[in-house]
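A look at the structure
Residue-level listing of the chains:
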Amino acid sequence: RFIAKPCAINLGIQDSGPHRAQPNAILEKVFTSITKSPDGKRLEGLSKQLDWDVRKIQRWFRHRRNQDKPTTLTKFCESMWRFTFYLSIFFYGIRFLWTAPWFWDTRQCWYNYPFQPLTSRLYYYYILELAFYWSLMFSQFTDIKRKDFLIMFVHHLATIGLITFSYMNNMVRVGTLVLCLHDASDFLLEAAKLANYAKYQRLCDAFFMLFGVVFIVTRLGIYPFWILNTTLFESWELVGPYPSWWLFNGLLITLQILHIIWSYLIIRTAYKALVRGKVSKDDRSDVESSSEEEDVTSNSTKGVFSTSSNGSNRINGHVTGGQWTEE
């Protein structure tokens, strides 16, 4: 309200919503009481009742669905909040872990386990991360529903489960490594969305490509060969097959499966960008496209992100023709 909104206004972002649907009592009653996306049979019935063309009725329902979406200004403010948090918590984690012995030698995560001290800095790091992911869990049900809703729901559950479970079992050392690794790319995605909302397309594309590289390197490279290696093999060697070993590693492997799915989507988007000379649309995009987007032809010249995105996290943070939309 006091920081992000003035920044958005200075960048020329207007607090204006999508095109509003023409007032119509019959269609409004169908929209609110029966269905927001009528099938072909219902469309034909409405067409005869109103003496409207079917295409015009489809456009009305599209406009009506889109008019409830948040404005670009709202999405900018939300992305700026997420960007601020991700960037701050990432640098806090790096600064904290830089002097931690287990950051340089992962075997230190298991020496003298579970009798390892819990410092205040480590405690606050955990509590901040846990609070943030709980907020994402709840806000997911109020944000615009996306195609990856189920994947993100599983991701948040696995993340909250890992943070809570590792804290209860004093596996906080390896837990901090997992948290810091996941924060490394998320702020870049939010930065790309901010640039898109401000219509700095080249900057947006650059941030997205950088995000893709960091995401793949950290989630498909460092995570399995550094994190999973120590939780699966080094912990087995130094501590043994403790009872919670199976659940802890099961959650970590679940995250890795999600990493593979999202990396595939990122790579496919980048491939289309190379083929077409631009980035098209994220497979994690909103279920509904904006009316302006659907009315344009397939040779739209939009870039990495569509302004129809609501700015929520997720390729964690996440292509069908059109434009890229994020989180």
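Residues numbered from 1 in each chain as written. Predicted model: local features only at pLDDT ≥ 70, side-chain atom pairs only at ≥ 80, totals over all residues. Heavy atoms only, no water.

Going by the annotation in an unreviewed UniProt entry, the name recorded for the chain is CERS5 synthase, with Aegotheles bennettii given as the source organism. Per UniProt, the comment on the chain under Catalytic activity (unreviewed entry) is "sphinganine + octadecanoyl-CoA = N-(octadecanoyl)-sphinganine + CoA + H(+)". (UniProt positions renumbered as here; feature names shortened; annotations may be inferred.)

This paragraph deals with the overall build of the chain. Helix and strand content of the chain: twelve helices and zero strands. Sorting the 327 residues of the chain into buried and exposed places 52% on the buried side. If you sum the accessible surface of the chain, you get close to 15900 Å²; carbon and sulfur atoms cover 63% of it. (Helix = DSSP H or I, 4+ residues; strand = E, 2+ residues; numbered from the N terminus. Buried < 20%, exposed > 50% of the residue type's maximum accessible area, 1.4 Å probe, protein only. Areas by Shrake-Rupley, 256 points an atom, 1.4 Å probe, with all protein chains shown as cover.)

Another point: helix H9 (residues 172-197). The end-to-end C-alpha separation of H9 is 37 Å, in line with the 38 Å expected for 26 residues at 1.5 Å each. Of all bends in H9, the biggest is about 25°, found at aspartate 183. The element H9 is largely enclosed, with a buried count of 26 among its 26 residues. One or two residues past the end of H9 sits lysine 199, with phi positive at roughly 65°. (Expected span 1.5 Å × (residues − 1). Bend = angle between axes of the 7 residues up to and from the residue.)

This brings us to the UniProt feature "transmembrane region" (unreviewed entry) in the chain. Listed under "transmembrane region" (unreviewed entry) in the UniProt record, and renumbered for this structure, are residues 83-103, 123-142, 207-226 and 246-267. Across residues 83-103, helical content stands at 90% and strand content at 0%; the span's end C-alpha atoms are separated by 24 Å. Secondary structure within residues 123-142 divides into 85% helix and 0% strand; the distance between the first and last C-alpha atoms comes to 30 Å.

For the rest of this paragraph, the subject is empty space enclosed by the protein. Estimates place the volume of the largest cavity at around 140 Å³. Going through the elements one at a time, helix H7 (120-139), helix H8 (149-168), H9 and helix H11 (245-276) are the ones with two or more residues in the lining of the largest cavity. Here the lining of the largest cavity gets five residues from one element, more than from any other, and that element is H8. The residue inventory of the lining of the largest cavity, partitioned by class, reads nine nonpolar, five polar and no charged. (1 Å grid on protein atoms, 1.4 Å probe; cavity = no way out; pocket = protein on both sides within 12 Å on 5 of 7 lines; lining within 4 Å. Points joined across faces, edges and corners; volume = space filled by probe spheres on them. Nonpolar A, V, L, I, M, F, W, Y, C, P; charged D, E, K, R; others polar.)

What follows is about the nonpolar core. The nonpolar side chains of a soluble globular protein tend to be buried, and buried together. Counting 56 residues, the largest nonpolar core has Leu97, Trp102, Tyr223 and Phe248 as its most contacted members. Listed by contribution, the elements that provide at least two residues to this core are helix H5 (72-98), helix H6 (101-104), H7, H8, H9, helix H10 (201-238) and H11. If you tally residues by element for this core, the top one is H9, at twelve residues. Apart from residues lying up to four places away in sequence, leucine 97 is in contact with Trp102, Phe103, Trp104, Thr176, Leu177 and Cys180. Val30, Leu43, Leu50 and Phe61 belong to the second largest nonpolar core, which has ten residues in total. (Core = buried A, V, L, I, M, F, W, Y, C linked by side-chain atoms within 4.5 Å. Contact = heavy atoms within 4.5 Å.)

Once that is clear, we can look at the pattern of salt bridges. Applying the stated criterion across every chain, the model contains four salt bridges. As a salt-bridge pair, glutamate 78 and arginine 82 come within 3.2 Å of each other at their nearest N and O atoms. Of this pair, glutamate 78 and arginine 82 both sit in helix H5, four residues apart, roughly one helical turn. The salt bridge partner of arginine 107 is glutamate 237, with a shortest N-O separation of 3.2 Å. With arginine 107 in the loop between H6 and H7 and glutamate 237 in helix H10, this residue pair connects regions lying 130 residues apart in the sequence. Classification of arginine 107 by relative accessible area gives partly exposed; the value is 24%. (Salt bridge = Lys/Arg side-chain N within 4 Å of Asp/Glu carboxyl O.)

Mapping serine 263 onto the fold places it in helix H11. In this view, serine 263 contacts Phe215, Ile216 and Leu220; residues no more than four positions away in its chain are not counted.

All told, the structure shown has 27 aromatic pairs when counted by the stated rule. Note on tryptophan 98 and tryptophan 104: the rings are 4.8 Å apart at their centroids and 80° apart in plane angle, and the pair reads as edge-to-face. Tryptophan 104 carries the same exposure label as tryptophan 98, and that label is exposed. Pairing tryptophan 110 with tyrosine 113 gives two aromatic rings, centres 5.8 Å apart and planes at 70°, and the pair type is edge-to-face. Taken individually, tryptophan 110 and tyrosine 113 each receive the classification buried, so the pair is uniform in this respect. (Phe/Tyr/Trp six-rings, centres within 6.5 Å; stacked < 30°, edge-to-face > 60°.)

Here we come to unusual backbone geometry. Cis geometry marks the peptide bond from tyrosine 113 to proline 114; its omega dihedral reads 5°. For aspartate 51, which is not a glycine, the phi torsion comes out positive at approximately 60°. Structurally, the position occupied by aspartate 51 is in the loop between helix H3 (40-50) and helix H4 (54-66). A positive phi angle is found at asparagine 112, which is not glycine, with a value near 60°. Along the chain, the position of asparagine 112 falls in the loop between H6 and H7. We classify asparagine 112 as exposed; its relative accessible area is 55%.

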